[in-house]
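Next come the chains, spelled out residue by residue.
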Amino acid sequence: MLQPRLQPLVSRTAALCQSALLPSIARGYATRRNRDKKTEPNDAAAGSAKAAEGSSVLMRTYKPRTPGVRHLRRPINDHLWKGRPFLPLTFPKKGHGKGGRNNTGVITVRHRGGGAKRRIRTVDFDRMTPGPHLVERIEYDPGRSAHIALITQEATGRKSYIVAADGMRAGDVVQSYRAGIPKDLLDSMGGVVDPGVLAAKTCWRGNCLPVHMIPLGTNIFNVGSRPGGPAVFCRSAGTYAVIVSKEEETREDGTKVMTGKFVNVRLQSGEIRKISKDACATIGVASNIHHQFRQLGKAGRSRWLNIRPTVRGLAMNAFEHPHGGGRGKSKGNRHPSSPWGKPAKSGYKTRRKHNVNKWVVTPRIRNMGKRRNKKSS
């Protein structure tokens, strides 16, 4: 049985040395530790919320009793459910694994095939049911990088899966306000909507709200794009968006009222997208934020994930790839191109008129080299 070990990627002692104004000692200690322990320093803020900046990332490593676990490195997720999923919300993935082939049997997506048997989890991206929901457990989902949460509606006992937020645990209570503000919440505010009080009582981790109810600068995930539609953005592990601005005006009493129909949201890629003010969004960051730091450890683990090998074009035969053939490592003085002959680097015009991609050595270009040689002599 494998014995896990907890191994920090950023040394705490090195951080203490840096705080004590001894950067050279800290760098030397971190270098020796990385060389002896085979650790890798990394940026803890990459792909996670700003709250994770400066903290060390703990990964689980294993004693190398076999070659396949020597480089295996996993995030620590001891809070995950160890049993089977809730079967009524799953269905077997049969007939879907065609190895990247279309209905005629032609491979349209390369490097796919095989993989372990799976059951597809039915995840609720709409969150239209109001009322409190109790989080029963956090589960692993083989169909996505983020974790999912099994929730139960307290009024009816109906169960459903949602994408879990980072830090969500069993026993939490989450709600959805897409159907409107509940009457008891409105009465507690005196019958008048106060944006500050409303945000303090509704903007909790895991709650689903229309984006016009969320304050500026809030981290959100599972973001929709149209009113009444499901979440389409920021659904993978560790992703989040930020509400940048709203189309609103300030009244004389200081309250702000939405006047437009859209809200500007900055996505994980840096793109600022305009979405409907009634689109849905979940407060927080998508779970499993250390997913990007994992190391599979062996090629077989990729095959379990339905990923087939990638072969270099240089190693193929001439009829299989434009870079193939030849004696030794040679691609025949050809510009880098795809297996179908399309140039792989930028700077190429793709118009099919007058063969603009074809390089022709004209007499003028041939004489330029001779002129340079005469000047140098």
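No experiment lies behind these values; they were computed from the predicted model shown. (Residues numbered from 1 in each chain as written. Predicted model: local features only at pLDDT ≥ 70, side-chain atom pairs only at ≥ 80, totals over all residues. Heavy atoms only, no water.)

Draft legend 1. Main features of the overall build of the protein. The helix and strand inventory of the protein stands at six helices and 17 strands. Considering the protein as a whole, with its 377 residues, one finds that 31% of them fall into the buried category. Partitioning the contacts of the protein with sequence separation of at least 6, the portion at a separation of at least 24 is 60%. Looking at the protein as shown, the accessible area adds up to about 24,200 Å², and 52% of this sits on carbon and sulfur atoms. (Helix = DSSP H or I, 4+ residues; strand = E, 2+ residues; numbered from the N terminus. Buried < 20%, exposed > 50% of the residue type's maximum accessible area, 1.4 Å probe, protein only. Contact = heavy atoms within 4.5 Å. Areas by Shrake-Rupley, 256 points an atom, 1.4 Å probe, with all protein chains shown as cover.)

Draft legend 2. Main features of the layout of surface pockets. Empty space within the largest pocket amounts to approximately 1,200 Å³. Lining the largest pocket are 36 residues, with Tyr-140, Asp-141, Pro-142, Arg-294 and Leu-305 positioned closest to its centre. Counting only elements with at least two residues in the lining of the largest pocket, the list comes to strand 2 (58-62), strand 3 (74-75), strand 5 (119-121) and helix 5 (299-304). Grouping the amino acids of the lining of the largest pocket by side-chain chemistry returns 13 nonpolar, seven polar and 16 charged. Volume-wise, the second largest pocket comes out at about 430 Å³. Around the second largest pocket, the lining is made up of 18 residues, and of these Pro-195, His-212, Lys-246, Glu-248 and Lys-256 lie nearest the centre. Secondary structure elements with two or more residues in the lining of the second largest pocket: helix 4 (195-202), strand 14 (241-250) and strand 15 (256-266). Ranked by residue count, the leading element in the lining of the second largest pocket is helix 4, at four residues. (1 Å grid on protein atoms, 1.4 Å probe; cavity = no way out; pocket = protein on both sides within 12 Å on 5 of 7 lines; lining within 4 Å. Points joined across faces, edges and corners; volume = space filled by probe spheres on them. Nonpolar A, V, L, I, M, F, W, Y, C, P; charged D, E, K, R; others polar.)

Draft legend 3. Local environment of the environment of Pro-130. Within the secondary structure, Pro-130 is located in the loop between strand 5 and strand 6 (133-139). In sequence terms Pro-130 and Pro-182 are 52 residues apart; their C-alpha atoms lie 8.5 Å from each other. If we skip the residues at most four places from it in the chain, Pro-130 touches Gln-153, Ser-176 and Ala-179.

Draft legend 4. Layout of unusual backbone geometry. The phi angle at Arg-127 is positive, at roughly 55°, despite the residue not being glycine. Structurally, the position occupied by Arg-127 is in the loop between strand 5 and strand 6. Taking relative accessible area as the criterion, Arg-127 reaches 8% and is therefore assigned buried. Although it is not a glycine, Cys-234 adopts a positive phi angle of roughly 55°. Relative to the assigned elements, Cys-234 resides in the loop between strand 13 (231-233) and strand 14.

Draft legend 5. Summary view of the packing of aromatic side chains. Scanning the model with the defined rule gives zero aromatic pairs in all. We note Lys-159 situated over the ring of Phe-86; from NZ or CZ to the ring centre the distance is 5.9 Å. Note that Arg-235 overlies the ring of Phe-125, its terminal NZ or CZ placed 3.9 Å from the centroid. (Phe/Tyr/Trp six-rings, centres within 6.5 Å; stacked < 30°, edge-to-face > 60°. Lys NZ or Arg CZ within 6 Å of the ring centre and 35° of its normal.)

Draft legend 6. Quick look at the sheet that holds strand 6. Spatially, four strands are ordered 8-7-6-9 in an open sheet, and the strand pairing comes out antiparallel. Two strands close off the open sheet at either side, each with one partner strand: strand 8 (159-163) and strand 9 (173-174). Bridge count for strand 6 against strand 7 (residues 148-153) is six bridges, and the pairing is antiparallel. Directly across from Arg-137, in strand 7, lies its bridge partner Leu-150. (Pairing = 2+ DSSP bridges.)

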